[in-house]
Amino acid sequence: MTADEGEALESGDVEGRTGETILIVEDDADVRTFLVEALRELNYRTLSAADAPAALRIIDQKNARIDLLLSDVVLPGMNGRELMAEARKQRPDLKVLFMTGYSRNAIVHQGRLDPGIEMIQKPMSQRELAGRIRDLLDAAPRGKTPPRRRRRTRDER
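Quick caveat, the model's predicted, so the values are computed rather than measured.

Undergrad: For this particular structure, what's the right way to read the overall build of the chain?
TA: Broken down by element type, the chain carries 4 helices and 7 strands. Along the chain, helices and strands appear, N-terminal first, in the series β-α-β-α-β-α-β-β-β-β-α. Burial status across the chain gives 41% buried among its 157 residues. Counting contacts in the chain only where the partners sit at least 6 residues apart, residues at least 24 apart contribute 68% of the total. In the structure as shown, the chain presents an accessible area of about 9,600 Å², 45% of it carried by carbon and sulfur atoms.

Right, dumping it as structure tokens:
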């Protein structure tokens, strides 16, 4: 995992907005610490867990705001995909971004990701992570299409 020390974020566009919370699930303590620090620098509120059972205990707390689940694909016991399935039983609209340091084959089938699966490759820079998270958080809620923009008439242009 690299923090790319010389890399500075140029704009607030990728930063967290008030109260946005990311649940980080990563079994490697050093990687988890990097992610927590990187996301806090971007103004996100973070929750973290070392494995899926600990993450599910957080998810089960009805009053815990979680805007995005950032999970390693490979976890001890229950893997990231199984965690996502369980988490969405409690929070059906939960957005998920998987991380993997392994081959994309862990969640890629016939050259494509399964529908609705988002992934980022480790190691990643803070900039890459920030951009992917912002894109997901700004996207329409899971399972819903964004409203279509009304075309402007010639007179409105």
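Having seen the structure, we can now continue with the description.
Undergrad: Would you explain helix H3 (residues 80–90) in this entry?
TA: Structurally, the α-helix is built with 3.6 residues per turn, so residues lying three or four positions apart point the same way. Among the residues of H3, Gly80, Leu83, Met84, Ala87 and Arg88 are the ones counted as buried. In an axial view of H3, the angular spread of the buried residues amounts to 130°, which keeps them on one side of the axis. Looking at the buried side of H3, the elements it contacts are strand E1 (21–25), helix H2 (52–59), strand E3 (68–72) and strand E4 (95–100). If you check the start of H3, you find a side-chain oxygen 2.9 Å away from the backbone N of Arg81, and it comes from Asn79.

Undergrad: In this structure, what is going on with the nonpolar core? I would like to understand it.
TA: One broad rule of soluble globular proteins: the nonpolar side chains tend to lie buried together. Core analysis: the largest hydrophobic core is formed by 22 residues, its most contacted members being Leu23, Val25, Ile66, Leu69, Leu83 and Phe98. Listing elements by their share of this core, those giving two or more residues are E1, strand E2 (45–49), H2, H3 and E4. Residue contributions to this core peak at 6 residues, all from H2. If we ignore the near neighbours within four places in the chain, the residues touching Leu23 are Leu47, Ser48, Ala55, Ile58, Ile59, Ile66, Leu68, Leu69 and Leu70. By size, the runner-up hydrophobic cluster in this structure holds 21 residues, among which are Leu39, Ile120, Ile133 and Leu137.

Undergrad: Which parts of the structure should I look at to understand the side chain of Asp72?
TA: Mapped onto the elements of the fold, Asp72 is located in strand E3. Taking the relative accessible area as the measure of exposure, Asp72 reaches 4% and is therefore buried. A polar contact is formed between the side chain of Asp72 and the side chain of Lys122, at a distance of 3.3 Å.

Undergrad: Honestly, the pairing of E4 in this entry has me stumped. Any pointers?
TA: Side-chain positions along a regular strand alternate between the two faces of the sheet. Among the 6 residues of E4, 6 are classified as buried, and the element is accordingly described as predominantly covered. Burial along E4 is two-sided: the face carrying Lys95, Leu97 and Met99 and the face carrying Val96, Phe98 and Thr100 are both buried. Relative to E4, E3 runs parallel, the two being bridged by 5 bridges. Following the sheet pairing, Leu68 is matched in E4 by Lys95. Chirality of the crossover, the property in question, places the unit of E3, H3 and E4 among those that are right-handed.

Calculation notes
The written sequence of each chain sets the order in which its residues are numbered from 1. Local features are withheld for residues below a pLDDT of 70 in this predicted model, meaning they are given only at 70 or higher, and side-chain atom pairs are given and counted only at 80 or more; totals for whole chains, interfaces and linings count all residues. As a rule here, side-chain values cover all heavy atoms of the structure and leave hydrogens and water aside. Numbering of helices and strands starts at the N terminus; helices are DSSP runs of H or I of at least 4 residues and strands are runs of E of at least 2. Burial classes: relative accessible area under 20% of the type maximum marks a residue as buried, over 50% as exposed, and values in between as partly exposed (1.4 Å probe, protein chains only). For this analysis, residues touch if any pair of their heavy atoms sits within 4.5 Å. The protein chains shown are the only cover counted for residues, whose accessible areas, like all others here, come from Shrake-Rupley with a 1.4 Å probe. What the arc measures is the spread of directions leading from the helix axis to the C-beta atoms. Here a polar contact is recorded for every N or O atom pair within 3.5 Å, except that within protein the pair must consist of a potential hydrogen donor and a potential acceptor, and residues adjacent in sequence are included only if both atoms are side-chain atoms. By convention a nonpolar core is built from buried Ala, Val, Leu, Ile, Met, Phe, Trp, Tyr and Cys residues, the set being connected through side-chain atoms within 4.5 Å. Two strands qualify as a pair provided that DSSP identifies no fewer than 2 bridges between them. With its strands directed away from the observer, a crossover is right-handed exactly when the path from the first strand over the helix to the second travels clockwise.

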